[in-house]
Every structure is written in structure tokens, then in C-alpha cells.
Amino acid sequence: MDDDLFQQSLRYEVMDQIAGKCAIADEVILAMKSVPRHLFVGEDQRHAAYRDEPLPIASGQTISQITTVAMQTGLLKMQKGDKVLEIGTGSGYQAAILCELGYRVYSIERHKKLYLTAKENLSALGYKDAVLIHGDGFDGLPRYAPFNGILITCGAPEIPEKLLEQLATGGRMVVPVGEKLQEMMVVEKTDDKNYTTTGAGYFRFVPMLKGIVN
Ligand code: SAH
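Quick look at the structure, then. (Residues numbered from 1 in each chain as written. Predicted model: local features only at pLDDT ≥ 70, side-chain atom pairs only at ≥ 80, totals over all residues. Heavy atoms only, no water.)

Describing the overall build of the protein chain
Working step 1: The helix and strand tally for the protein chain stands at six helices and nine strands.
Working step 2: A compact globule built from 214 residues should have a C-alpha radius of gyration of about 17 Å, and the protein chain, at 16 Å, falls within 12% of that.
Working step 3: Along the three orthogonal principal directions, the C-alpha set of the protein chain runs to about 55 × 40 × 35 Å.
Working step 4: Each of the 214 residues in the protein chain was classed as buried or not, and the buried ones make up 52%.
Working step 5: In the protein chain, the share of contacts with a sequence separation of at least 24, taken over all contacts with a separation of at least 6, comes to 52%.
Working step 6: Of the roughly 10,300 Å² that the protein chain leaves accessible, carbon and sulfur atoms contribute 49%.
Working step 7: Here the protein chain holds 23 positive side-chain charges and 27 negative ones, and the gap between their average locations is 4 Å. (Helix = DSSP H or I, 4+ residues; strand = E, 2+ residues; numbered from the N terminus. Rg over C-alpha atoms; globule rule 2.2 N^0.38 Å. Buried < 20%, exposed > 50% of the residue type's maximum accessible area, 1.4 Å probe, protein only. Contact = heavy atoms within 4.5 Å. Areas by Shrake-Rupley, 256 points an atom, 1.4 Å probe, with all protein chains shown as cover. Lys, Arg positive; Asp, Glu negative; His and termini not counted. Charge placed at Lys NZ, Arg CZ, Asp CG, Glu CD.)

Focus: the nonpolar core
Working step 1: Judged by nonpolar contacts, the single largest core of 45 residues is most densely connected at M32, Y93, I97 and L122.
Working step 2: The set of elements that each furnish at least two residues to this core consists of α1 (3–21), α2 (26–34), α3 (66–76), α4 (93–100) and α5 (112–124).
Working step 3: Ranked by residue count, the leading element in this core is α4, at six residues.
Working step 4: With 22 residues, the next largest nonpolar core counts L141, I152, V175 and V177 among its residues. (Core = buried A, V, L, I, M, F, W, Y, C linked by side-chain atoms within 4.5 Å.)

A word on the site of the ligand
Working step 1: Taken together, 27 residues form the shell around the ligand, and within it E86, S91, E109, G137 and L209 come nearest.
Working step 2: When isolated, the ligand has an accessible area of 580 Å², and the protein chains bury 99% of it.
Working step 3: Breaking the shell around the ligand down by element, the ones donating at least two residues are β2 (62–63), β3 (83–87), α4 and β4 (104–109).
Working step 4: Split by residue class, the shell around the ligand holds eleven nonpolar, twelve polar and four charged. (Near = heavy atom within 4 Å. Nonpolar A, V, L, I, M, F, W, Y, C, P; charged D, E, K, R; others polar.)

A word on the sheet that holds strand β8 (residues 182–189)
Working step 1: Spatially, β5-β4-β3-β6-β7-β8-β9 is the arrangement adopted by the seven strands of the open sheet, whose pairing is mixed. Lying at the two open borders of the sheet, with one neighbouring strand each, are β5 (131–134) and β9 (195–203). When the angles between neighbouring strand axes are averaged without regard to direction, this sheet yields 15°.
Working step 2: Bridge analysis of β8 against β9 gives seven bridges, and the strand direction is antiparallel. Paired with E183 across the two strands is Y202, which belongs to β9.
Working step 3: Sheet strands touched by α3: β3, β6 (147–152), β7 (167–177), β8 and β9. Its angle to β7, the strand with the most contacts, is close to 160°.
Working step 4: On top of the sheet, α4 reaches β3, β4 and β6; it is set at about 170° to β3, its chief contact. (Pairing = 2+ DSSP bridges. Axes fitted to C-alpha atoms, helices over the stretch in contact; angles between N-to-C directions.)

Below is the structure:
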């Protein structure tokens, strides 16, 4: 078996395991079977790419555990063609899954180095429509707002105000809120000024920090 087939079989296996233990929409599992996680990490991490664990990437950051990526993507509950903003591009892995699902993807990363690598990773794999931005996710992207969905992949101190403003009415934000441990919150915007929140379990993310790193 060549390396790609080997990686693919490991990938299918871990995705099927996750589908068996968590209630995740089939389309999310299918999309995750298509995205080669091992190509979003350095060569020294490839052997671990299909373990259900977070993996280190550059600038002291991590790609979330596979189950966490599956859960966040599932909680977003978007439809093909929906406009989705991700905060925390990191390696670009989560953004690739959102592209694979047919969403119109925008993603912001504060570390320039990660932004540049993610751009390369996504374009090498043919995900050329994703709009990647080097910036501070706390500001969102007012010029592209409103978004049907906003997915935050770092731990936010609270629900970011400006991002809430940039969410479409009827839209959903999935955001881990808290300092050391984060509660996954699903925020549904019911009208211009109102929203509801639902907790979806506890997770550990790298922190959402202000400002950019060049
Ligand atoms: N979604 C990524 C994993 C991200 S880890 C992936 O699939 O690989 C969280 C990322 O959020 C880190 O890269 C971190 O630099 C970034 N981040 C933290 N605070 C941010 C902010 N204010 N704006 C944009 N990105 C931020």
C-alpha cells in the first residue's frame, strides 16, 4: 500500500470511530474523510495525524482534536452555499472541511506565519475559494458581513460583541467561552438585537488573543 492509501485508510477508520461514538451529521463525517489532515501538519507530526488528539503546528498553536473539529462543524449546522467566518485559521484544516461542505469560507488568523502556511496548504489541495485574512478575529470582517455562521476555534473570554453584530439574523455562532476550560456555546441570533445561547460541553482551546503577530 502506498503512503496515501495508508493515510486514507487510517483517516476513514478514525472518522468512522468518531461517527460511532458521537452524533455527528453524515455529511460532516464524509467531508472529514476527504480532507488529508496529515498534509496540514509538519512531517514530524504526520505519524500522529489520524490519532484523535490535538497536534502542534507553528507559532505555539495546535490543530484541535478530530472529535472537537467534527463537533464544532456539526454544531454550526450550515447549508451548502452559506457564508461562514472562521476565527483562528491555524493550519487551514478546519477551513478545508468547511470548503469541502460547500460553504463560502472566510477565515482570520492573527499569526502571519500560520496565515501564510494555511494559504499554501489550502491552495495546494485545490481549496482556492476560501478567503484567508491575516488579522484580529475580534474585529471580524465587517466588509463581508453578515455571515450565516461564525466558528471560533480558540477560547474566547466572552461572546465577541463585534462578531455577534456580523452574524445574520437566523445565523449561528459556535464559540468556546472561558479561560482555562471553555464551554462550547451555540449562539442563535433571533433578531437584530436578541440571541439565545445553548451549552454543548466543555473543551480546552488555545486562547483567543487580541492583536496580530507579524
Ligand atoms: N482551526 C485551526 C486550529 C486553530 S488553533 C486548524 O484547523 O488548524 C487556534 C488559532 O486561533 C491559532 O492559530 C491562534 O493563533 C488563532 N487565534 C487566536 N486569537 C485570534 C484572534 N484574535 N484572531 C485570529 N486568530 C486568532
